[in-house]
Each structure stands twice: as structure tokens, then as C-alpha cells.
Amino acid sequence: MYGTDEKIIALDKKKLRSTVIISYSFIIVIFLTFFLEDRKIPWLGQYISPFILQALGVLCALFFIACAAIGSIKLTDNKPGLILNSTGLLDNSSGLSAGIIPWHEIVGFDVFQLQSLKILIIKVRDPQKYILRGNPLQRLFNWINFKLCDSPISITPESLNLNFEELEEMITRYHTKYGVK
């Protein structure tokens, strides 16, 4: 990525290690549910059959397996997590990273909050262009992201060496300085 006034934010290996360890822990707990006795299990004052519980467990296990795999890959990734410069931003912060986004394509920002997790939503002129980036699985998640957040691009500081407020301030400052007026 070319440009001047460059700011490089590294991937936070400590945060990534925690994500991987937590993901593997959930996978183990989920697989233990497969060994429950074949009877109804009391849950929130109702009963849920082991089959339904195990089906939900498979879906959750797939999610955490993906988190563990992506986290493990990112642990070996020596590229920066995010680069900001005069031409745009380069996102390499997750398995669904958007890649290079020129400032002139960014039309604004939003914040999506899920419990205590804050996600910076990058609004772009042509969302379809970014929905179609990547392999079929990435395109699916880009489309889901677009349906949930009105943009296929989101950046969370969970794998970066900074907090959400620093991320939001830095990207906003660069966009104000170099984006289309």
C-alpha cells in the first residue's frame, strides 16, 4: 500500500491467543454435551431434548472451530493488522478483512454494539464491490454483515493492538484529512 503519513497497527498476539484458547475451551464443553444421557434436560424451566441441544451444539462448535482456526492463522501472520495512510486503509485484522479501502470510497462510519463488543462499521459508496470480495464463505459473511449493519465492512479492535476508542478516533481523523470533502 502506497502513501505518506502512514500509521501501522500491529495484530495483538496476546488477544489472539486468548481468543484461540477460549474457542478451544468452548469446543471441548460443546462436545461434552454429546455424552449426556438420552433423557430430557431441564433448561430455563422448560425441557429440551438432547437431540435439539446437540444440534445447537454442532452449530456452536462449527462457529468456535472457525474462530479457533482463524485465530490460529492470525497468530502466525506477521503482517500488520491495519495500515492507515494518505491513500486509504488496509484491513488485515480478521479472517474477513476487507483489504484495501481508498478514502474516497468511504462515505461514513457507524458503531454496531453487541453486548460489550463495539464494532466500527465502514460505510462505502459501492457495498456490492466489497460483498463480492473473497472466497464464497467470505462473500456469504460479507453479505450477512451488510444485512445486519448496512455495510459489508467492519473492523473490531479485538485482534488489534489498540482499543475501540483509539481505532475510531484514528480512522475518523485520517478520513477527515484524506477523504473526499
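It should be noted that the structure appears before, not after, this text.
Report on the accompanying structure. (Residues numbered from 1 in each chain as written. Predicted model: local features only at pLDDT ≥ 70, side-chain atom pairs only at ≥ 80, totals over all residues. Heavy atoms only, no water.)

### Focus: helix 5 (residues 164–178)
Part 1 of the argument: For helix 5, which comprises 15 residues, the first-to-last C-alpha distance of 21 Å matches the rise-based estimate of 21 Å (1.5 Å per residue) to within 8%.
Part 2 of the argument: Residues of helix 5 that are buried: Phe164, Leu167, Met170, Ile171, Tyr174 and His175. For helix 5, the angular spread of the buried residues around the axis is 140 degrees, confining them to a single face. In helix 5, the exposed positions that point more than 90 degrees away from the buried face belong to Thr176 and Lys177. (Helix = DSSP H or I, 4+ residues; strand = E, 2+ residues; numbered from the N terminus. Expected span 1.5 Å × (residues − 1). Buried < 20%, exposed > 50% of the residue type's maximum accessible area, 1.4 Å probe, protein only. Arc of directions from axis to C-beta.)

### Comments concerning a nonpolar patch on the surface
Part 1 of the argument: A grouping of Phe31, Phe51, Ile52, Leu56, Val58, Leu59, Leu62 and Ile65 is seen on the molecular surface, where their side chains present a nonpolar patch of about 780 Å² in accessible area.
Part 2 of the argument: Take the nonpolar patch: its biggest share by element is seven residues, from helix 2 (residues 50–75).
Part 3 of the argument: Examined against the element boundaries, Leu62 turns out to sit in helix 2. (Patch = residues over 30% accessible without salt bridge, like charges linked within 9 Å, V, L, I, M, F, W, Y side chains within 5 Å. Areas by Shrake-Rupley, 256 points an atom, 1.4 Å probe, with all protein chains shown as cover. Salt bridge = Lys/Arg side-chain N within 4 Å of Asp/Glu carboxyl O.)

### Quick word on the pattern of salt bridges
Part 1 of the argument: Taken as a whole, this structure holds six salt bridges when the rule is applied.
Part 2 of the argument: Note that Glu105 is salt-bridged to Lys129, the shortest N-O span being 2.8 Å. Of this pair, Glu105 sits in the loop between strand 6 (99–102) and strand 7 (106–114) while Lys129 sits in helix 3 (residues 127–131), and the two are 24 residues apart along the sequence.
Part 3 of the argument: A relative accessible area of 12% places Glu105 in the buried class.

### Concerning the sheet that holds strand 9 (residues 153–155)
Paired through their backbone hydrogen bonds, the strands of a sheet run either parallel or antiparallel.
Part 1 of the argument: Strand order in this open sheet of three strands is 7-8-9, and the pairing throughout is antiparallel. Pairing within the sheet leaves two strands with one partner each, and these edge strands are strand 7 and strand 9. Each strand of the sheet is rotated relative to its neighbour by a mean of 30 degrees, with strand direction disregarded.
Part 2 of the argument: Two strands pair when backbone bridges link them, and strand 7 and strand 8 (residues 117–124) are joined in this way by eight bridges, in the antiparallel orientation. Across the sheet, the residue bridging to Leu114 is Leu117, located in strand 8.
Part 3 of the argument: Lying over the sheet, helix 5 contacts strand 7, strand 8 and strand 9, oriented at roughly 15 degrees with respect to strand 8. (Pairing = 2+ DSSP bridges. Axes fitted to C-alpha atoms, helices over the stretch in contact; angles between N-to-C directions. Contact = heavy atoms within 4.5 Å.)

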